[in-house]
Amino acid sequence: GCSADPLVSTSRTIGPSTAGSYVCYQGLTISNNSTVTLNPGLYIINGVGGSGKNQFSVSGGTLNGTSGVTFYLVNGAYFTVSNGANLNLTAPTSGPYRGMLFYQDPGDTAADSFVGGSVAVMNGIFYLPKAALTLSNGNSSTFSTDLVVGSLTMTGSATLKPYAPLNAASPLSGARLVE
């Protein structure tokens, strides 16, 4: 029941029509140096069985989502940011997805990456428990994040800072015993 990949190549605003709701896409491709603003809410990226065509891909351009966005990657979906893309993304500070910027289904192992001179200001938790994450960009990128990843490869000049001190409402801001 997800919409087809909107293949965004012109500047515009996309996403849920009301804050706190969601949209579901069979991939989300942003390209051609467009400037895309994301409405607050949940963005479900459905990989439809991991075909590789249904991913969250930002190749060049600017992506702004500073009012609380969460990306849920399911069915083999993954993200790739490349070709000098500029991202400015912030997770919600309240509600059921508070603190969560990227959530990849725990059964999915598709690798995720920020490469190719991309610049990012990311504020939120990356929950990719079985995925390899590559941060190979630099250009003054700042990741204020807590990482739960299968593996991490980091090269370049990006800055990695913890997310919890940035947002005391983070679900990772205090120790908890879970059984």
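You'll find the structure just up there.
For every chain, the first residue of the written sequence is number 1, and numbering continues from 1 onward in sequence order. Thresholds applied to this predicted model are a pLDDT of at least 70 for local features of residues and 80 or more for the giving and counting of side-chain atom pairs; totals over whole chains, interfaces and linings are not thresholded and use all residues. Side-chain numbers here rest on the full set of heavy atoms in the structure, without hydrogens or water.

A. Here's a closer look at the overall build of the protein chain. A helix here means a DSSP run of H or I that spans at least four residues, while a strand means a run of E at least two residues long, and both kinds are numbered starting from the N terminus. The helix and strand inventory of the protein chain stands at 0 helices and 18 strands. Relative accessibility under 20% of the residue-type maximum defines a buried residue, over 50% an exposed one, and the middle range a partly exposed one, all with a 1.4 Å probe and only protein chains included. Burial analysis of the protein chain (179 residues in total) assigns 46% to the buried set. Note on contacts: a residue pair is in contact if any heavy atoms of the two residues lie within 4.5 Å. Long-range pairs, those at least 24 residues apart, make up 49% of the contacts in the protein chain between residues at least 6 apart in sequence. Each accessible area is a Shrake-Rupley result for a 1.4 Å probe, and residues are judged covered by the shown protein chains and nothing else. Accessible surface, the protein chain: about 7900 Å² in total, of which carbon and sulfur atoms supply 50%.

B. Geometry of the sheet that holds strand β5 (residues 35-38). In space, the 7 strands of this open sheet follow the order β2-β5-β8-β11-β14-β16-β18, with parallel pairing throughout. Edge positions in the sheet fall to β2 (12-14) and β18 (159-161), since each of these pairs with one other strand and no more. Averaged over all adjacent pairs, the angle separating strand axes in this sheet is 15°, with direction ignored. Both strand β16 (residues 142-144) and β18 contribute to a ladder of 3 bridges, which runs parallel. Note that in β18 the partner of F143 across the bridge is L160. Strand pairing is assigned whenever DSSP identifies at least 2 bridges connecting the two strands. To get an axis, a line is fitted to the C-alpha atoms, and for a helix only the part in contact is used. The angle between two axes follows their N-to-C directions and goes from 0 to 180 degrees.

C. Layout of the environment of Y43. Tracing the backbone shows Y43 in strand β6 (residues 41-46). With residues near it in sequence (within four places) discarded, Y43 still touches I14, G15, P16, V23, Y25, L38, V69, T70, F71 and Y72.

D. Highlighting the layout of surface pockets. Grid spacing is 1 Å over the protein atoms alone, the probe is 1.4 Å, and a cavity is where that probe fits but cannot get out, while a pocket is an open set with protein on both sides within 12 Å along at least five of seven lines and lining residues have an atom within 4 Å of a point. Grid points are joined across faces, edges and corners, and a volume is the space filled by probe spheres set on the points. Within this model, the largest pocket holds a volume of roughly 200 Å³. Classes in brief: Ala, Val, Leu, Ile, Met, Phe, Trp, Tyr, Cys and Pro nonpolar; Asp, Glu, Lys and Arg charged; the others, Gly included, polar. Split into classes, the residues belonging to the lining of the largest pocket amount to 6 nonpolar, 9 polar and no charged.

E. Layout of a nonpolar patch on the surface. On the surface, a nonpolar cluster with roughly 230 Å² of combined accessible area is contributed by L152, M154 and L160. Mapped onto the elements, L152 comes out in strand β17 (residues 147-155). A residue counts toward a patch only above 30% relative accessible area and without a salt bridge, and it is joined to like-charged neighbours within 9 Å or, for Val, Leu, Ile, Met, Phe, Trp and Tyr, to nonpolar neighbours within 5 Å. Think of a salt bridge as a Lys or Arg side-chain nitrogen and an Asp or Glu carboxyl oxygen that are within 4 Å of each other.

F. View of the environment of P129. Relative to the helices and strands, P129 resides in strand β15 (residues 125-136). Distance from P129 to S151, taken between C-alpha atoms, is 8.4 Å for residues 22 residues apart in sequence. When sequence neighbours within four positions are dropped, the list of residues in contact with P129 reads Q104, P106, V148, V149 and G150.

G. Structural detail: the pairing of β15. Bridge count between strand β12 (residues 100-104) and β15: 3 bridges; the pairing is parallel. Residue pairing in the sheet places Y103 in a bridge with Y127 of β15. Taken together, the 4 bridges between strand β13 (residues 112-115) and β15 define a ladder with parallel strand orientation. Bridging from a neighbouring strand, D112 pairs with L133 of β15.

H. How the structure looks around unusual backbone geometry. Unlike most non-glycine residues, N33 shows phi in positive territory, near 55°. Along the polypeptide, N33 turns up in the loop between β4 (28-30) and β5. By relative accessible area, N33 is classed as exposed at 64%. Positioned with a positive phi, N75 is a non-glycine residue whose angle comes to about 60°. Structurally, N75 is set in the loop between β9 (69-74) and β10 (79-82). The exposure class assigned to N75 is partly exposed, which follows from its relative accessible area of 38%.

I. Local environment of the state of the cysteines. Disulfide: a pair of cysteine sulfur atoms within 2.5 Å of each other. Applying the stated rule across the entire model yields 1 disulfide. Disulfide pairing is shown between C2 and C24; the S-S distance is 1.7 Å. Classification of the bridge connecting C2 and C24 rests on its S-S torsion, roughly 50°, and on that basis the disulfide is right-handed. One end of the pair, C2, is in the segment before β1 (3-4); the other, C24, is in strand β3 (residues 22-26), with 22 residues separating them in the sequence. Since its relative accessible area comes to 17%, C2 is described here as buried. A relative accessible area of 13% places C24 in the buried class.

These figures capture arrangement, not role.
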